[in-house]
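Okay, here's what each chain looks like letter by letter:
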Amino acid sequence: MTMPSKPYDIDKRKVYEAYLQVKSNGGAAGVDGVTIEQFEADLANNLYKIWNRMSSGAYFPPPVRAVSIPKKSGGQRILGVPTVADRVAQTLVKQLIEPDLEVVFLADSYGYRPNKSALDAVGVTRERCWKYDWVLEFDIKGLFDNIDHTLLLRAVRKHATCAWALLYIERWLTAPMQEEDGSTTERQRGTPQGGVVSPILANLFMHYAFDQWMKRRFPDLCWCRYADDGLVHCRSENEARLLKDALQERLAECRLELHPTKTMIVYCKDDQRKGRHETVSFDFLGYTFRPRSVRGKRSQKMFCGFTPAVSNSALNAMRKTIRGLEIRTRTPVTLDEIAREINPLVRGWFAYYGQFARSALYPIARYINQTLAVWLKRKYKRFHRRLGRARLFLAKIARENKRLFVHWQLGDGYELA
């Protein structure tokens, strides 16, 4: 007697490949409290359950766990953390639909896409700010929380040819959120920020809400979008104002709205632009674009250019991270141990924020050195009440062993002490 076939043909190897991706990304446990390590302890059985239920059409996602994290701009952002098993299921669907959507998405959409990065978006914005005098910087208020399910599913159905992928996307959209007190909240709109499939769904929504609309309505304007944060380069202030009004109307049609304080019209002031405007800077993806002194590559002369460098909010976030390590009071550890702990963090910061105006990272290098000097002062009696001597000793170490700390390789470490 032959067993009846499953309604949906899902390759077991794809389920395993999805798990490997989830494992490499890491992440916290969901509402069931199961970590990746615990999931892996019974891996074959856990993966079989996912495959069996998804192939049968009987997979129903559990609630996502609400986790509150602080925003850089203040306030709290609520992430929805799925279980490990649900992350595997979502990754399976994401890997299935992503190739079909990638050929649809436009080149100037940069967020959460393979072979595109935030630095790519910063780089293209830098070049366009040299060519255009004005920028409309816009931010969509609560994009992930406010996506209209009806409109989104209309777009998904247009591109998703796999019946079971569509089925589970619909179920993920309505999976409830479990609050920290254990209560659950039903969701009528939005896709939880923190879900594996959420970014590509948000990109698909914005593809029609903004990207295609810009291509149709304003084909001669350059734009750049990273998820809910975007820029449009304009030739005049009046053009930027008209565009802002039109964009507000367009987003209202899509049940979205511009963020009232993060959306602004900016004048890209430099040596060639002599006009006046109250706003001559904007933040984008951790960089601040503003007028600043730069040196010409050929002439070596200084001039005022409109260029990006690490933002103050990003620098403050780095300082907060260093403070959180409580290095100054951890006198039992060694300098080598401190280096092993902070170097991966600093290496990541410098790799991202050091791509443009690398010298703007000097303040964080100095802050780390100040932290290390205080640590030396507290660890060794000969430096008690003599912070200046601790700094000189740290500078000596930096000269002799410049590779010990990543930030010492930014410049002459002893000069930063």
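Thresholds applied
- Residues numbered from 1 in each chain as written.
- Predicted model: local features only at pLDDT ≥ 70, side-chain atom pairs only at ≥ 80, totals over all residues.
- Heavy atoms only, no water.
- 1 Å grid on protein atoms, 1.4 Å probe; cavity = no way out; pocket = protein on both sides within 12 Å on 5 of 7 lines; lining within 4 Å.
- Points joined across faces, edges and corners; volume = space filled by probe spheres on them.
- Helix = DSSP H or I, 4+ residues; strand = E, 2+ residues; numbered from the N terminus.
- Nonpolar A, V, L, I, M, F, W, Y, C, P; charged D, E, K, R; others polar.
- Pairing = 2+ DSSP bridges.
- Axes fitted to C-alpha atoms, helices over the stretch in contact; angles between N-to-C directions.
- Buried < 20%, exposed > 50% of the residue type's maximum accessible area, 1.4 Å probe, protein only.
- Salt bridge = Lys/Arg side-chain N within 4 Å of Asp/Glu carboxyl O.
- Phe/Tyr/Trp six-rings, centres within 6.5 Å; stacked < 30°, edge-to-face > 60°.
- Lys NZ or Arg CZ within 6 Å of the ring centre and 35° of its normal.

Draft legend 1. Geometry of empty space enclosed by the protein. Applying the stated criterion to the full structure yields two cavities of 30 Å³ or more. In this structure, the largest cavity encloses a volume near 80 Å³. Around the largest cavity, the lining comprises 15 residues; the ones closest to its centre are Gln90, Trp172, Pro192, Val197 and Ser198. Elements with a minimum of two residues in the lining of the largest cavity: helix 4 (84-102), helix 8 (163-174) and helix 9 (198-217). For the lining of the largest cavity, the per-class residue count stands at 10 nonpolar, four polar and one charged. The calculated volume of the second largest cavity comes to roughly 60 Å³. Forming the boundary of the second largest cavity are Ile97, Leu101, Val156, His159, Ala160, Ile169 and Leu204. Those elements that place two or more of their residues in the lining of the second largest cavity are helix 4 and helix 7 (149-159).

Draft legend 2. Looking closely at the sheet that holds strand 8 (residues 264-267). Pairing is antiparallel across the open sheet formed by four strands, whose spatial order is 6-7-3-8. Strands at the two margins of the open sheet, each flanked by one partner only, are strand 6 (223-226) and strand 8. Taken pair by pair, the neighbouring strands of this sheet meet at an average axis angle of 20°, ignoring direction. Of the strand pairs in this sheet, strand 3 (residues 134-139) and strand 7 (residues 229-234) are connected by six bridges, and their pairing is antiparallel. The residue bridging Leu136 from the neighbouring strand is Val232, located in strand 7.

Draft legend 3. Looking closely at unusual backbone geometry. Despite not being glycine, Arg255 has its phi angle at roughly 65°, a positive value. Despite not being glycine, Glu326 has its phi angle at roughly 55°, a positive value. Here Glu326 lies in the loop between helix 11 (312-324) and helix 12 (335-353). For Glu326, a relative accessible area of 52% corresponds to the exposed category.

Draft legend 4. Spotlight on the pattern of salt bridges. By the definition in use, this model includes 17 salt bridges. Residues Asp270 and Arg273 are paired through a salt bridge, measuring 3.5 Å at the closest nitrogen-oxygen approach. By relative accessible area, Asp270 is classed as buried at 13%. Three or more residues are tied together by salt bridges with common partners; here these are Asp133, Asp270 and Arg273.

Draft legend 5. Fine view of the packing of aromatic side chains. Under the definition given, this model contains 19 aromatic pairs. Ring centres of Tyr287 and Tyr352 lie 5.7 Å apart, and the angle between their planes is 55°; this geometry places the pair in the tilted category. One end of the pair, Tyr287, is in strand 10 (residues 287-295); the other, Tyr352, is in helix 12, with 65 residues separating them in the sequence. Accessibility classification places Tyr287 together with Tyr352 in one group, the buried group. When the centroid spacing of 4.8 Å and the interplanar angle of 90° are considered together, the rings of Tyr352 and Tyr353 count as edge-to-face. One aromatic cluster in this structure is built from Tyr287, Tyr352, Tyr353 and Phe356. Stacked on the ring of Tyr110, the Lys or Arg Lys116 has its end atom at 4.5 Å from the ring centre. Over the face of the ring belonging to Tyr380 we find Arg382, whose NZ or CZ atom lies 5.3 Å from the ring centre.

Draft legend 6. Structural detail: the sheet that holds strand 5 (residues 184-185). Spatially, four strands are ordered 2-1-4-5 in an open sheet, and the strand pairing comes out mixed. One side of each edge strand has no neighbouring strand; the edge strands of this open sheet are strand 2 (76-81) and strand 5. The pairing of strand 1 (residues 64-70) with strand 4 (residues 177-178) spans two bridges and is parallel. Within the sheet, the bridge partner assigned to Val64 lies in strand 4 and is Met177.

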